[in-house]
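A look at the structure
Here is how the chains run, residue by residue.
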Amino acid sequence: MSESESVPENLHQYLTFFIGGERFALPILDVKEIIEVSALTRVPMTPNFIRGVINLRGNVVPVIDLSARLGRQASQINKRSCIVLVELEAEEETHALGMLVDEVNEILDILPGHIQPPPDFGTDIRTEFILNMGQVGDEFLILLNINKVLSIKELSELQALNPSMLETPTI
Amino acid sequence: MLKNIRLGWKIGGGFVLVLTLTLIVGIVGWRGIESIVSRVDKADDVNTLVKLILQARTLETEYANTHSEETVKHLQQVLAQLKQQAQTTKDKFTDQYNRDEMDQVLARTQAYENAFNRFRSLEQQKTQTMESMRARARTALAATEAMSQRKSVELKTFQQANTAFIQRKLANANAAIALTQKLMEAKALRVAFIHEYTQREFQQWEDLNEEMLSRLRDLRSQFTTPENLQHLENIGRYYRQYREQVIELVRRGNGLTTIEKERAVRAFVEQAQEAMELMLALKQDQEQALQKALNDSESLMQDMLQKAESANAIAQGFLNVRRYEKEFINSGETDYLRQAQSMLGQVLASARDLSLRFEKAEDQQQAAQLIDALDKYQQELNAYVNRHNEQLIAEQSMLEAALAAQKVCQDARADQESKMRAEIQATLMLVFVGVILAILIGVLIAWLITRGITRPVAMGVTFAQRLAKGDLNVHLEVDQKDEIGSLAEALRQMAAQLRSVVENVRQNADALTSSSREVSATAQSISQAATEQAASVEETTSSVEELNASVQQNAENARVTDSMATRSATEAQQGGEAVSRTVNAMKQIAAKISLIEDIAYKTNLLSLNAAIEAARAGEHGKGFTVVAAEVRKLAENSRVTAQEINELATQSVSIAEQAGKLLEQMVPNIEKTADLVQEISAASDEQASGVSQINAAMAQLDQATQQNASAAEELAATSEELSGQAEQLLNTVAFFKLDMHTQARPPAKGQARLANKPPALPSGKAKTSSHQDLDSLGISDQDFERF
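- As recorded in an unreviewed UniProt entry, chain B goes by the name Methyl-accepting chemotaxis protein, listed as coming from Allopseudospirillum japonicum.
- Regarding chain B, the UniProt comment filed under Subcellular location (unreviewed entry) reads as follows: "Membrane".
- UniProt, in its Sequence similarities (unreviewed entry) section for chain B, records the words "Belongs to the methyl-accepting chemotaxis (MCP) protein family."

- As recorded in an unreviewed UniProt entry, chain A goes by Chemotaxis protein CheW and comes from Allopseudospirillum japonicum.
- Taken from UniProt, the Subcellular location (unreviewed entry) comment for chain A reads in full: "Cytoplasm".

In C-alpha cells form, the structure reads like this:
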C-alpha cells in the first residue's frame, strides 16, 4: 500500500475480468500475476469455493473459485479460464492466493471521479465484498474488496484446515 | 284353452303326464315290493328262528347221547343266537301281535334254556349217582366175587384133602388085599414044597415071605390108628411064627415022621390061619373105613358145592343186575329197570339165605358185607332212577318249551306269509289299477293332442289344395295361437298376397298391352336416329386420326426432354459435391483462425502480466507499461481481426452449406422432372395407341350404329308381339278366381277381367322379351317392389 501512495496513477488502474458473464474489477496492485489454469489438485473436506491447490514454481497455492465464493454456481473451466494470483497480508504474513476467473479482460484506467460507493442492496452479491462501483462509459463495474472476499478469518480457517487436510485422507 | 298352448308344450306336457303316471305306478310297485321284501326278510328271520330251535333240539339230543361239554357250549351259543335273533326280529316287527309272538318265543326259549340247564344239572347228578352206584356195584361185585372165590378155593382144598384121604384108605385096603393074596400064594407054594420039596420053590416061598414082611413094615408106616397097628403087629408075629415053624419043618425035613409032620403042619397052619384071619379082618376093616370116608366126603362136598353155587349164582345175578342197569341207563327202558330191580331183590334174598346157611363167622361176616354193599347199591340205583325220572320231566318240559317256541315261530311265519300274500295281492291290484289308469289317461291325452294337431293341419291342407286349384276366395277357419295357428295365419297371408299379386299382374298386363304399342312407335324413331348417328361417327373417325399424329409428335418431344433432364441431374450432383468440399475447407480455415485467436488471447495475457509487473515496478516500469499497452492493443487488434475472419469464414461456411443444400434439393427435383418427362413420353405412347384404339372403336361404333338401326326396326316388330303376349298373360292370370270382396280391396284400379280361361303357354323367349319390355317401359318396377 505504501507503493500505491508513491505512484498515484497506478491507483486508477484496474484489472477487469469476467465471472459468470459479469465484469468485475480489481485494483492492479492487488494482482501479483495472471497464470493459465494448469493442473488443479483437489483438496478433500474443503468448502466448495476452494477449487484446490496449484503448483506455482514449487509453492503450494490454494485456488478459490470466485464465482462460488460470491454465492453463484461453481465456474466451468474453459480454455480462457485464468487464475489471478493475489497477495494478502494477515497476521504479519503474506499469503499467495489464486482466484479462478472465467476470463481476464483488460487493464482499465478509472478516475476517482468515476468511483461510486457501493449500493445498500439491489445486487445479488453481499455488499461487504464490494469495495466501490466504477463507472466505465455507461456501465458500472464492481470493484471487489479482496480483503473481504478472502477475509482474514476465513484465511485462518484455511490455515487451520491445511494441516488437518493433509492428515485426513490418511486416516 | 288347449288350442292356445304351443305344440311343443302340448306334446311335452302329455309325455310328462304319462311319465308321471308311470312314475306313480312304479313307486306304488316299488313300495309294494319293498314291503314284500321286508315281509320276506321277517319270514326268513322267523325261519332262522325255527332252524335255530331245531338246531338246539338236535344239539340237546346230541348232548343226551354224548354229554360233551362242547355240545353244551355250542347249544348255549345257539340259544344266545336264538334270543338275539328273536330280539332282532321283534325289533323289525311293527305289529303288536307279532311282537307278542316274539316275546313268547323269547319266554319259551328262556324256559327251554332253564329246562335244559335243569336237565344238564340232573344229568350231572345222574352221572355222580351213577359213579357212586358203580362204586357200590364194584364193592358188591368184589364182595360176591370174593365170596365165590373163597368158596371155590375152599371147595378145591377140601376136594384135594378128601381125595388124598380116600386114596390112602384105598391103598391100605389094597395093601391088605395084596397081603392076603401073597399069603395065599405063599400057602400054595408051601403046600407044594412041603409035599415035594424043591429048593427052587422054597426059595420062591422065602422071597414071598420077605416081600410080605416088608409090605407089613410098609403098612405100619401107613397106618395111623393104634388098633390097626396092633393088628399089623399081631399079623407079623403070627406070620413069623408060621415061617419059623415051616422052616423048622423043612430043616428037619425027612427026619421027621409023618405024624410029626402032620403035627407041625397043623401047627403052622393054625399060625397061618391066625394070621390069615387077622389079615382078613384088617382087610375088612380097611374096606369099611374106606366106605365110610367115601360117604362122609360126599355129603360135605355136596354142602360146599351148594354154597359155592349159591355164591356163584349171587355173583352171576349181580352181574345180570349190572347188565340190566346198564341197559336201562343206555336205553332208558323201564323193563330193564324192573328186571334189574327184581333180579337185585332175588340176589339180595339169596345172599341173605346164604348168610343164614353159613356156619363160619368169617363167611358170615363176608356175607353181611355183601348184603350191605348190595343194599347200598340198591339205594343208589333207586336214587338214580329218581334222577332219571326227574330228568324225564325236565326233558318233557324242555320239549314242550321247544315245541311251543317252534309252534309260535311257525305261526308267526304263517302269519308273515299270509300278510305277505295279502300285500302282494294289494300291490298287484294297485299296480294293475295304476297301469289301467295310466293307459286310459295316456290314450285320452294322445287322442286329444293328435286331434288338436291333425284337424287344423287337415284344414290347412284343404285350404292349400284349393289355393293350388286357383281358388283365391277360400277362407281358413283356424283360430289358434300355437304353431299350427301361425301356419294358418301364414297361409292366409299368402292367399291375401297372392290375391293382390294376381290383381296387380292383371292391371300391369293391361298397362303392358297399351305400352307395347307405344314402344313400337318409339322403335321406329330410334331407327331413324341411328342412321343419323352413323354419319356423325364417320366424321369423328377422321378427327381422331389427326389427333393421333399430334400425339405421336408429343411423345418424341418428351423423349428429348427426358435425356436433357437426366444430364442436368448428374451435373447438379457434381455441383453439390464441389460445394461440400468448399465447406470442409472453410471449416478448416475457421479452426486455424481460432488458433490465431487463442494466440492473441495468450498475448493479451502476457501483456496484462507485463502491465501488472510494470505497475508493480512503479516509476521504473512506466516505459514498460506503455510497451505492454501497445502489445496488448496489438493482441487485441489481432484478436478482433481473427474474430472477424472467423465470423466471415463461418458465414461463408453457412452460405456454402446452404448452396450445397439447395443443390442437393435440386438434384431429386431434376431427377423427378426426368422421371415425369419419361412418364409423359410413356403416356404419349399410350395415348397414341389409345387413339388408334379409338379409331378402331369408332369403326366398330359405326357398324354398331348400323346394327342399331336394323335392331330398332326389329324392336318395333317385337313390341307388336309383346302386346299379343300381354293379352295371353291376362288370360293366364284369369286362372285365379277372385270374388267381388277381394276385388274391391285394391285401391281404385279394379277392372273387368276375362272370365274364360285360355290354355296357358308361357315360353321362355316370350317371358324374357316381356321382361325386357317391362324394363324398357319402366312401368311395373314400383309395383314389383311393393311385394
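**A few points about helix 9 (residues 483-617) of chain B**
- In this model helix 9 of chain B runs just 129 Å from its N-terminal to its C-terminal C-alpha over 135 residues, more than 12% under the 201 Å that 1.5 Å per residue would give.
- Positive phi appears at Gly618(B), one or two residues downstream of helix 9 of chain B, with a value of about 70°.

**Topic: the interface of chain A and chain B**
- Opposite the 23 residues of chain A that make contact, chain B presents 18 residues.
- Buried surface at the junction of chain A and chain B, summed over both partners, amounts to about 1800 Å²; 51% is from carbon and sulfur atoms.
- A per-residue breakdown of the area chain A buries against chain B is headed by Ile34(A), Arg80(A) and Ile107(A), which together make up 28% of the total.
- Where chain A touches chain B, the interface holds 4 salt bridges.

**Thoughts on the UniProt feature "transmembrane region" (unreviewed entry) in chain B**
Residue and element names in this part refer to chain B.
- Residues annotated in UniProt with the feature "transmembrane region" (unreviewed entry) correspond here to residues 7-30 and 428-449.
- Split by type, residues 7-30 is 100% helix and 0% strand. Its first and last C-alpha atoms lie 34 Å apart.
- A distance of 31 Å separates the end C-alpha atoms of residues 428-449, which is 100% helix and 0% strand.

**As for a nonpolar patch on the surface**
All names here are of chain B.
- Side chains of Met429, Phe432, Val433, Ile436, Leu437 and Leu440 sit close together on the surface and give an oily, nonpolar patch of about 570 Å² of accessible area.
- Inspection of the secondary structure puts Val433 in helix 8 (residues 361-468).
- Classification of Val433 by relative accessible area gives partly exposed; the value is 38%.

The rules behind each value
- Residues numbered from 1 in each chain as written.
- Chains lettered and ligands numbered in written order.
- Predicted model: local features only at pLDDT ≥ 70, side-chain atom pairs only at ≥ 80, totals over all residues.
- Heavy atoms only, no water.
- UniProt positions renumbered as here; feature names shortened; annotations may be inferred.
- Helix = DSSP H or I, 4+ residues; strand = E, 2+ residues; numbered from the N terminus.
- Expected span 1.5 Å × (residues − 1).
- Contact = heavy atoms within 4.5 Å.
- Buried area = accessible area lost by both parts, 1.4 Å probe.
- Salt bridge = Lys/Arg side-chain N within 4 Å of Asp/Glu carboxyl O.
- Patch = residues over 30% accessible without salt bridge, like charges linked within 9 Å, V, L, I, M, F, W, Y side chains within 5 Å.
- Areas by Shrake-Rupley, 256 points an atom, 1.4 Å probe, with all protein chains shown as cover.
- Buried < 20%, exposed > 50% of the residue type's maximum accessible area, 1.4 Å probe, protein only.

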